[in-house]
Amino acid sequence: MIGRKLECIDAGSEYCPCFLAEANECITCSHLQGKEFCDCNWRGVCIYQEYVWAGHRKKEIRSSYPAAVIEKNNISANTIVYKLQVTKTLARELDNPGAYVFMRDKAKPVFFDVPMSVMAVDTIKGEIYVALQVQGAKTKALAGPENDIIVRGPYWNGILGQRYLKSIKDGSCLVIARGIGQAPAVKVVRYLSRGNNRVRIIVDPGKAGAVFGNEFIKDLPYEIEELDLNSKQGVKVVNRYLKNESYDLVFSGGSDKQHLYIIQEIDRLENKPFIVVTNNNEICCGEGICGSCSTRIDSGVRVKACKVQLDVRKVIERRILNG
Amino acid sequence: MVNIVIIGGGWAGCAAAVAARQAGAEVLLLEKTDMLLGLGNVGGIMRNNGRYTAAEEMISLGIGKLFGITDRAARHSMVEFPGHSHATLYDVTKVEPMVRKLLYEMGVEIRLMSRAIDTIKKGNAIKGILMADDTVTEGDVFVETTGSTGPMGNCLKYGNGCSMCILRCPSFGPRTSISQRAGVEDILGQRGDECYGAFSGSCKLNKDSLSEEIRETLNQRGVVVLKVPTEDVKVEKLSVKVCQQYALKEYAENIVLLDTGHAKLMTPFYPLDKLRKIPGMENARYEDPYSGGKGNSVRYLSIAPRNNSMKVDGLENLLCGGEKAGLFVGHTEAITTGSLAGHNSVRLTLGMPLLELPRNLVTGDIIAYANERIKTKEGLKKRYTFAGAEYFERMKERKMYTIDKQEIERRVDRMDLTDIFSEKLV
């Protein structure tokens, strides 16, 4: 086994090949890594062929769009849910678990772009819902009374383990969402419902201070339980579910600490459900260029977490346990 | 129990499966597409020139089942065409189901649409094959017969782009070099100009798209030779071909068609508008590769270094056959090398000495000769086949070429190797 084959979320999309191909840094194609022969991690299309046919250039890059604010709900002291008008095409492209956009106030420079999970979309009207927790300079700039918002997208790597999510049918699933992690969980639950899965949902308001995702899944026949995951009682309940109900897939929307706790609990189980988690890396450009999401995996290789479907266990263990 | 895993279900892989099964092993055959035989589904030429000698040797060595099928599936036998004698042309539309049936009857487990992508190793031994669906296939000994053709990026970089050949990479995913994934560097064949790889040497036309006269002659005699308009004769095109046995002047000045169910056109590719200028070909269209007017698949980009028992150098339990094992051309060559790899996979598992075919048999000699030549700069530009070019000349010089079946039987018997491949080892 030589080299590590990485799975790029954008491979084969209309934004592939990208800047990385032009720089001989493609995540998937060996030719576009400067090698002489094919040894790719096949994603269903030949990226080299696309590159050559595009005139040895990348494809069109993602655009930034002005997005009119249709609704703005302050749902707690620090959390806002925006309903934004975008193009129908963008809405359709964002109708996918793990989808996110970059947002900024129009008056601010591009480095105010902040990645935000898309919670729900209306593809008929071209509307998207985004939940925002005010934390630092970038999010504060979006929390003013009147904002003209620019969105850039679509991006898709907001969730790690998407192949498991997309393969599961007629299964039993547990969705755990805390704080702002409720936002990506909504699309996960909707996706699981399409595959005729049974889903138990546990929600913790966390630092967002409110439960806001339920509204978007109230039409689905799933039981939603509100718990404090930091309390002994909350942990006990989650452990009981994990132990007593043989899950095929567990989703964790929340902090890396929460992911780690769930991974460790799962490791104690006899059956090992698939693990799907929110991607908590610091994403800045989304294009694999800026380096802010760069993370080392066990083989010492640096990986761009904004584009690569990382092995959940490895990335969490490295970040939390090995500092 | 001895578990042999064969990666790649072309002629070489099928031959390895037959040989390993005859030796008594449990055999699992992995194939990435939905059909066995790979390029054998578009080939069809057997027993021409020295391939006759080789086929009869293999039959005497006890591994004749696949030759039995290609003989039974023949549309024509004892066909003569430029530079070639006593060819058998098997029907490409009949042979795959026959081989599949044979393997099932022999108890080979076949997994179609199962693409190997990597190896799991322990030290220098392969423990398992990682599949595209993330599962791992374990075994005692592995035989790699993944060929050396494509995938798309290679066909684009070293050829004229994907020509939509029978391997159907866009549908089933690319070939992976298992030996290279296991850490053993591939050897690369070259063309005359030292560019890497070479085009497959022929394409197929839809027979119904040709004139009635051509069709009838093909059906009756198996071969049609048509003159190329003088302005379109391109002798230099011969140098890009894999099949140096067909890289003769006659093939530049003429169109040679053979009846293998489709009309096999003995040139790597031919622009459709030029082809349609030839009388009788006005409505011609390609059957394989679909874009035969533009290009063909590029081959010889992935050869494993090996010894003459077909074991891959540097790995304890990987053998190889077919194009993966050298700059070989043709089904007979694939069946020969694949059979030896399959047989030796069982010997390797049991700790027995590996069989090396002696050099006074053509089958043993070509394996050893191709291995010597691939280590030289000139040798990398040559192809090795019983049917022509350098190796057939050698056969004739050394008086090894014969179509006398009894003589061939005597040669094998003199080596005390009669039916060696039929012996059950497990």
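Residues numbered from 1 in each chain as written. Chains lettered and ligands numbered in written order. Predicted model: local features only at pLDDT ≥ 70, side-chain atom pairs only at ≥ 80, totals over all residues. Heavy atoms only, no water.

**Focus on the overall build of chain A**
Then comes step 1: Helix and strand counts for chain A stand at 9 helices and 14 strands.
Then comes step 2: Computed over C-alpha atoms, the radius of gyration of chain A comes to 20 Å, within 12% of the 20 Å expected from 2.2 N^0.38 for 323 residues, which places it in the range of a compact globule.
Then comes step 3: By its C-alpha atoms, chain A is 60 × 50 × 40 Å across when sized along the principal axes.
Then comes step 4: Taken across its 323 residues, chain A has 53% of its residues classed as buried.
Then comes step 5: Put simply, of all contacts in chain A between residues at least 6 apart along the chain, 69% involve residues at least 24 apart.
Then comes step 6: Total accessible area on chain A is roughly 14,700 Å²; 49% of this is exposed by carbon and sulfur atoms.
Then comes step 7: For chain A, the distance from the average site of its 45 positive side-chain charges to the average site of its 37 negative ones is 2 Å. (Helix = DSSP H or I, 4+ residues; strand = E, 2+ residues; numbered from the N terminus. Rg over C-alpha atoms; globule rule 2.2 N^0.38 Å. Buried < 20%, exposed > 50% of the residue type's maximum accessible area, 1.4 Å probe, protein only. Contact = heavy atoms within 4.5 Å. Areas by Shrake-Rupley, 256 points an atom, 1.4 Å probe, with all protein chains shown as cover. Lys, Arg positive; Asp, Glu negative; His and termini not counted. Charge placed at Lys NZ, Arg CZ, Asp CG, Glu CD.)

**Section: the interface of chain B and chain A**
Then comes step 1: Listed as interface residues are 27 residues of chain B and, on the opposing side, 19 residues of chain A.
Then comes step 2: Here chain B packs against chain A, burying approximately 1,900 Å² in sum over the two surfaces, 57% of which is carbon and sulfur.
Then comes step 3: The three residues of chain B that bury the most area against chain A are Leu156, Lys157 and Arg181 of chain B, which together make up 32% of that side's buried surface.
Then comes step 4: There are 2 salt bridges connecting chain B and chain A.
Then comes step 5: Between Asp134 of chain B and Arg163 of chain A there is a salt bridge, with the nearest N and O atoms lying 2.4 Å from each other.
Then comes step 6: At the boundary of chain B and chain A, one finds 7 residue pairs in polar contact (both at pLDDT 80 or more).
Then comes step 7: When residues of the side of chain B that touches chain A are traced back to their parent elements, those giving at least two are strand 7 (116-122), helix 5 (152-158), helix 6 (169-172) and helix 7 (178-181) of chain B.
Then comes step 8: The greatest single-element share of the side of chain B that touches chain A, amounting to 6 residues, is contributed by helix 5 of chain B.
Then comes step 9: The residue inventory of the side of chain B that touches chain A, partitioned by class, reads 13 nonpolar, 7 polar and 7 charged. (Buried area = accessible area lost by both parts, 1.4 Å probe. Salt bridge = Lys/Arg side-chain N within 4 Å of Asp/Glu carboxyl O. Polar contact = N/O pair within 3.5 Å; in protein donor to acceptor, adjacent residues only side chain to side chain. Nonpolar A, V, L, I, M, F, W, Y, C, P; charged D, E, K, R; others polar.)

**Notes on the state of the cysteines**
Then comes step 1: Scanning the entire structure with this criterion turns up 0 disulfides over all chains.
Then comes step 2: Left without a disulfide partner, Cys38 of chain A is nearest to the cysteine sulfur of Cys46 of chain A, which lies 6.1 Å away.
Then comes step 3: The exposure class of Cys38 of chain A is partly exposed, given its relative accessible area of 22%.
Then comes step 4: With no disulfide of its own, Cys14 of chain B lies closest to Cys320 of chain B among cysteine sulfurs, the gap being 17 Å. (Disulfide = S-S within 2.5 Å.)

**Some remarks on the sheet that holds strand 4 (residues 74-81) of chain B**
Note: strands within a sheet are paired through backbone hydrogen bonds, in either parallel or antiparallel orientation.
Then comes step 1: One open sheet holds the 3 strands; their spatial order is 3-5-4 (chain B), and the pairing between them is antiparallel. Looking along the sheet, the strands with just one partner apiece sit at the ends: strand 3 (45-46) and strand 4 of chain B. (Pairing = 2+ DSSP bridges.)

**What to know about helix 8 (residues 256-267) of chain A**
Then comes step 1: Spanning 12 residues, helix 8 of chain A covers 16 Å between terminal C-alpha atoms, matching the ideal 16 Å at 1.5 Å per step.
Then comes step 2: For helix 8 of chain A, the complete set of buried residues consists of Asp256, Gln258, His259, Leu260, Ile262, Ile263, Glu265 and Ile266 of chain A. (Expected span 1.5 Å × (residues − 1).)

**Examining the sheet that holds strand 14 (residues 254-259) of chain B**
Residue and element names in this part refer to chain B.
Then comes step 1: As summarised here, the arrangement of the 5 strands in space is 13-14-15-12-16, forming an open sheet in which the pairing is antiparallel. Two strands bound the open sheet, and with one partner strand each, they are strand 13 (223-227) and strand 16 (286-288). When the angles between neighbouring strand axes are averaged without regard to direction, this sheet yields 35°.
Then comes step 2: In this structure, strand 14 lies alongside strand 15 (residues 263-265), joined through 3 bridges in antiparallel fashion. What sits directly across from Asp259, in strand 15, is Ala263.
Then comes step 3: Here helix 8 (residues 212-221) sits on the sheet and contacts strand 13, strand 14 and strand 15; the angle it forms with strand 13, its principal contact strand, is near 140°. (Axes fitted to C-alpha atoms, helices over the stretch in contact; angles between N-to-C directions.)

**Remarks on the nonpolar core**
The tendency in soluble globular proteins is for nonpolar side chains to be buried side by side.
Then comes step 1: Counting residues in hydrophobic clusters, the biggest one holds 90 residues, and the most contacted among them are Ile4, Trp11, Leu61, Leu66, Val99, Leu103 and Phe421 of chain B.
Then comes step 2: Per-element tally for this core: the top contributor is helix 1 (residues 11-22) of chain B, with 9 residues.
Then comes step 3: Leave out the neighbours within four places in its chain, and Ile4 of chain B touches Ala20, Ala25, Glu26, Val27, Leu28, Val141, Val143, Ser345, Val346 and Thr349 of chain B.
Then comes step 4: Membership of the second largest hydrophobic core comes to 53 residues, among which are Ile27, Leu32, Leu227 and Ile266 of chain A. (Core = buried A, V, L, I, M, F, W, Y, C linked by side-chain atoms within 4.5 Å.)

**Comments concerning the packing of aromatic side chains**
Two measures describe an aromatic ring pair: the distance that separates the ring centres and the angle between the ring planes.
Then comes step 1: Evaluation of the coordinates by the stated rule reveals 16 aromatic pairs over all chains.
Then comes step 2: On the basis of an interplanar angle of 25° and a centroid distance of 5.2 Å, the ring pair of Phe37 of chain A and Tyr158 of chain B is categorised as stacked. Placement of Phe37 of chain A in the loop between helix 1 (19-22) and helix 2 (47-53) and of Tyr158 of chain B in helix 5 is noted, with the two residues assigned to different chains. An identical accessibility class is assigned to Phe37 of chain A and Tyr158 of chain B; each is buried.
Then comes step 3: On the numbers, 5.7 Å between centres and 70° between planes, the contact of Tyr100 of chain A with Phe102 of chain A is edge-to-face.
Then comes step 4: Residue Tyr100 of chain A is classed as buried on the basis of its relative accessible area of 3%.
Then comes step 5: Here Lys108 of chain A stacks its cationic end above the ring of Phe112 of chain A, 5.8 Å away from the centre of that ring.
Then comes step 6: Looking at Arg47 of chain B, its charged tip hangs above the ring of Tyr52 of chain B, at a distance of 4.9 Å from the centre. (Phe/Tyr/Trp six-rings, centres within 6.5 Å; stacked < 30°, edge-to-face > 60°. Lys NZ or Arg CZ within 6 Å of the ring centre and 35° of its normal.)

**Comments concerning the pattern of salt bridges**
Then comes step 1: Following the criterion strictly, the structure yields 48 salt bridges over all chains and no others.
Then comes step 2: Two residues, Lys59 of chain A and Glu50 of chain A, come together in a salt bridge whose shortest N-O distance is 3.0 Å.
Then comes step 3: Its salt-bridge partner being Arg75 of chain B, residue Asp259 of chain B comes within 2.9 Å of it at the nearest N-O pair. Here Asp259 of chain B is found in strand 14, whereas its partner Arg75 of chain B is found in strand 4, with 184 residues between them in sequence.
Then comes step 4: Taking the relative accessible area as the measure of exposure, Asp259 of chain B reaches 0% and is therefore buried.
Then comes step 5: Residues participating in the shared-partner salt-bridge network are Arg75, Asp91, Lys94, Lys207 and Asp259 of chain B.

**Here we look at the side chain of Asp105 of chain A**
Then comes step 1: You can see Asp105 of chain A is positioned in strand 3 (residues 100-105).
Then comes step 2: No salt bridge forms around the buried Asp105 of chain A; measuring N to O, its nearest opposite-charge neighbour Lys108 of chain A is 4.9 Å away.

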